[in-house]
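What the coordinates show
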Amino acid sequence: MSTPRPILIVEDDAALRASLTDQFESDGDFIAEGVETAREAEAKLACVDSRYDAIVLDIGLPDADGREFCAQLRRDGRRMPIIMLTGADEEQDIVRGLDSGANDYIAKPVRMSELLARVRAQLRIFDNSEDAVFTIGPYLFRPSARLLHDAARNRKVRLTDKECTILKFLYRADGKAVAREVLLNEIWGYSSAVSTHTLETHIYRLRQKIEPDPTHARLLLTETGGYKLATAALHGGNG
Ligand code: CA
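The paragraphs below set out a description of the structure included in this document.

Reading the values: rules and limits
Residues numbered from 1 in each chain as written. Predicted model: local features only at pLDDT ≥ 70, side-chain atom pairs only at ≥ 80, totals over all residues. Heavy atoms only, no water. Donors = N, O, S within 2.8 Å, 3.2 Å for Na, K, Ca; no water. Helix = DSSP H or I, 4+ residues; strand = E, 2+ residues; numbered from the N terminus. Pairing = 2+ DSSP bridges. Contact = heavy atoms within 4.5 Å. Axes fitted to C-alpha atoms, helices over the stretch in contact; angles between N-to-C directions. Salt bridge = Lys/Arg side-chain N within 4 Å of Asp/Glu carboxyl O. Buried < 20%, exposed > 50% of the residue type's maximum accessible area, 1.4 Å probe, protein only.

1. Some points on the coordination of the calcium ion
In this structure, Asp12 (OD), Asp58 (OD) and Gly60 (O) serve as the protein donors to the calcium ion, at separations of 2.2 to 2.4 Å. Written as a sequence motif, the donor arrangement for the calcium ion is D-x45-D-x1-G. With a gap of 46 residues between them, aspartate 12 in the loop between strand 1 (5–10) and helix 1 (14–27) and aspartate 58 in strand 3 (residues 54–58) connect regions that are remote in the sequence.

Right under this line is the structure:
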């Protein structure tokens, strides 16, 4: 099981919005929130602790052209995948939609299986991209910059390459323990003669950097034979 990904649905048709939200939620891989207008979407995105991994965006909104709204989000530095919903008569505008920075589009009437597949595909691409950002406890983790940012305390933690790789690997395990041998092999390679002591040293330094109290780790936990990230740190404290 993977961590449910929060997505924002911007669609003014109330019935379609409710249906999309329900279907994303019942899929199990997503937490979906629906809004009616670009203005509401902006307000949601502006919340300090809001996080959306992807946006499903209708082209025809009451207060904005979805394409222009999309372009504005990109100008604001938002990089998450955006999938546009287009009306059947808007097909010719798709190119403009993609020009505005959307990652993909799907025509109405929406086939849910197709929309889910496209959102998943874009998230896969995004997660491996330079723009990927993940939440770990109070931090936003940006692997490409090797940076953890605690916005509430305006604190930045710089990571070494190895520390960054360890965190990425533990993040992907989604709260499940990863054995020391697996981490060693994945991070230093099978042929390496690196010992578990080296791994323990890296974990120790990582805790010094990220844990409020490194002697009582609350984010990076030791498990029998390995390490894991606390479930609460991955699920916004609700885990
Ligand atoms: Ca509409």
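2. Remarks on the sheet that holds strand 14 (residues 226–229)
Taking strand neighbours across the sheet as the criterion, the three strands line up as 12-14-13 in an open arrangement whose pairing is antiparallel. The open sheet terminates on both sides in strands that have one partner only, identified here as strand 12 (178–179) and strand 13 (220–223). Alignment of strand 13 against strand 14, held across four bridges, turns out to be antiparallel. Across the sheet, the residue bridging to leucine 221 is lysine 228, located in strand 14. Lying on the sheet, helix 6 (residues 161–172) is in contact with strand 12, strand 13 and strand 14; it crosses strand 14 at an angle near 75°.

3. Brief notes about the pattern of salt bridges
Counted according to the given criterion, the structure contains 17 salt bridges. Aspartate 127 is the partner of arginine 5 in a salt bridge, and the nearest nitrogen-oxygen pair spans 2.8 Å. Of the two residues, arginine 5 sits in strand 1 while aspartate 127 sits in helix 5 (residues 112–127), which places them 122 residues apart along the sequence. Here lysine 209 and glutamate 163 are joined by a salt bridge, their closest N and O atoms 2.7 Å apart. Pair noted here: lysine 209 is in helix 8 (residues 196–210) and glutamate 163 is in helix 6, with a separation of 46 residues, a long-range link. Classification of lysine 209 by relative accessible area gives partly exposed; the value is 24%.

Just geometry here; none of it tells us what the structure is for.
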